[in-house]
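Examination of the molecular architecture
For reference, the chains in residue letters:
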Number of protein chains: 2
Amino acid sequence: MSNPQNKPTSCSQGAIDITGCRFSLYPMSDRFVEIILNSIQRLQLEHVWHQTDHLSSVFRGRPEHVIDCARAAFIYAAANHKNHLVGEFTFSRGCPGDCDADRYLSADPTPQNLAAIPLGDGMKTAAKISFYAFATDDYMMHIQKVVQLAETAGLHPQKAHYVTLIEGDASALFCYFAQLLAYAHQHLNHYVLQVTLSVNSPSIKE
Amino acid sequence: MSNPQNKPTSCSQGAIDITGCRFSLYPMSDRFVEIILNSIQRLQLEHVWHQTDHLSSVFRGRPEHVIDCARAAFIYAAANHKNHLVGEFTFSRGCPGDCDADRYLSADPTPQNLAAIPLGDGMKTAAKISFYAFATDDYMMHIQKVVQLAETAGLHPQKAHYVTLIEGDASALFCYFAQLLAYAHQHLNHYVLQVTLSVNSPSIKE
């Protein structure tokens, strides 16, 4: 197993500890541009490094803020939309070279978007997740651990090819992602959590 | 580095060699259900194990067929749609336990959807890819290798946080994925290629 004390030294210890999330919102609507822009414009982004390209946006900083901003982006878009919306999120920490903008790590850890969007949103959300741990032979054991965390969180994990399916309200899912990333940070140098969230899919029978 | 000759033995040698792709289509349109169903219904799926759940569809079998079916699903949906469409694809091979339905590995390797959708489709496509190799300390070196393959294929790879951005016509991208998976199979026991494809995005300046 990798030793968390033995992190790469090409960046400062602080810099390599930055957490990132690359995410995209896919509203299944003719109004997709408006829905995406409205969501992004409402975010409080003071405490994350952020950048948007032609495929996605990236937030980087303390995990509290990265998760808070990703959660708010998804919930704002879903609340605006009412119809089918998918969000794709790649959380990553420990990638060699993920160094710049480490000043965001010294930010006040209080989430900035929580007051506007409290927990307990009741937004029924289906998700698939894949957890990838690198440079360790024990990667399958770590997957089992994060699936157990989902079970404990009441998210009803189910095995499927290449993913684990989970479900819960949107904020409960993001709370779980925070727990998962905390577990990963404790045990691993470099890891990725790939997530797809879906609300209001006509494929889900109520 | 992992030794491809030393694959797990919990499945038969044939079974562990199965390639899978879990994929979802996201048409940014009020007509999303019709666009997705029309695409899937046109596919020739005789040579892949296939299953659909509330988030995605899965194809499993020989890489030739899995890639051929994934390519056709995306191109059918994009051609039907004309507007913005995103496809998310998780290619995987070597996952311990990915054993069932190995009878598809003995299928004739001739792609079944190629006649209906020839290569050289001219469909300008933007993509982000992430390549994940497991149980090897050399995983970053393998990422560099697959990025070099993209450069050689003329797909203009660019570094970005957590992904590599590439571009080309849709079929050229899928040809590259075939090359990448062949390289990976030669050198690794278990790997994942995560792909997002985008056509007709208003964010891309022509």
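Look up a bit, the structure's there.
Reference entry: report on the structure contained in this document. (Residues numbered from 1 in each chain as written. Chains lettered and ligands numbered in written order. Predicted model: local features only at pLDDT ≥ 70, side-chain atom pairs only at ≥ 80, totals over all residues. Heavy atoms only, no water.)

A separate point is the side chain of serine 201 of chain B. Of note, serine 201 of chain B is situated in the segment after β8 (191-199). Serine 201 of chain B has contacts with His54 of chain A together with His84 of chain B, leaving out every residue within four places of it along the chain. (Helix = DSSP H or I, 4+ residues; strand = E, 2+ residues; numbered from the N terminus. Contact = heavy atoms within 4.5 Å.)

Time to look at the environment of alanine 78 of chain A. Residue and element names in this part refer to chain A. Its location among the elements puts alanine 78 in helix α3 (residues 63-81). Of the residues examined, alanine 78 reaches a relative accessible area of 5% and is grouped as buried. Along the backbone, alanine 78 and tyrosine 104 are 26 residues apart, and their C-alpha atoms lie at a distance of 28 Å. Look past the residues within four positions of alanine 78 in its chain and what remains in contact with it is Leu85, Met123 and Val199. (Buried < 20%, exposed > 50% of the residue type's maximum accessible area, 1.4 Å probe, protein only.)

A word on the pattern of salt bridges. Residue and element names in this part refer to chain A. With the rule as written, the count across this model stands at 12 salt bridges over all chains. Between glutamate 34 and arginine 31 there is a salt bridge whose closest N-O contact spans 3.0 Å. A salt bridge links arginine 60 to aspartate 100; the nearest nitrogen and oxygen atoms lie 3.3 Å apart. Of this pair, arginine 60 sits in strand β3 (residues 57-61) while aspartate 100 sits in the loop between β4 (85-93) and β5 (124-133), and the two are 40 residues apart along the sequence. (Salt bridge = Lys/Arg side-chain N within 4 Å of Asp/Glu carboxyl O.)

Right, let's get into the sheet that holds strand β8 (residues 191-199) of chain A. All names here are of chain A. Sheet architecture is open: eight strands sit in the order β2-β3-β1-β4-β8-β5-β7-β6, paired in antiparallel fashion. Looking at which strands have only one partner, the edges of the open sheet turn out to be β2 (49-52) and β6 (158-160). Going from strand to strand, the sheet's axes swing by 20° on average, the running direction of each strand aside. Two strands pair when backbone bridges link them, and β5 and strand β7 (residues 163-169) are joined in this way by six bridges, in the antiparallel orientation. Bridge pairing in β7 links lysine 128 to leucine 165. In the packing of helix α4 (residues 139-152) onto the sheet, contacts are made with β5 and β7, and the angle to β5 comes to roughly 155°. (Pairing = 2+ DSSP bridges. Axes fitted to C-alpha atoms, helices over the stretch in contact; angles between N-to-C directions.)

Our next topic: the relation of the copies chain A and chain B. Rotating chain A by 180° and moving it 0.0 Å along the rotation axis overlays it on chain B with an RMSD of 0.0 Å. Here the copies are linked by what is in effect a two-fold axis. When the interface residues of chain A are mapped onto chain B, 100% of them again fall at the interface, so both copies present the same face. (Least-squares fit on C-alpha atoms with pLDDT ≥ 70 in both.)

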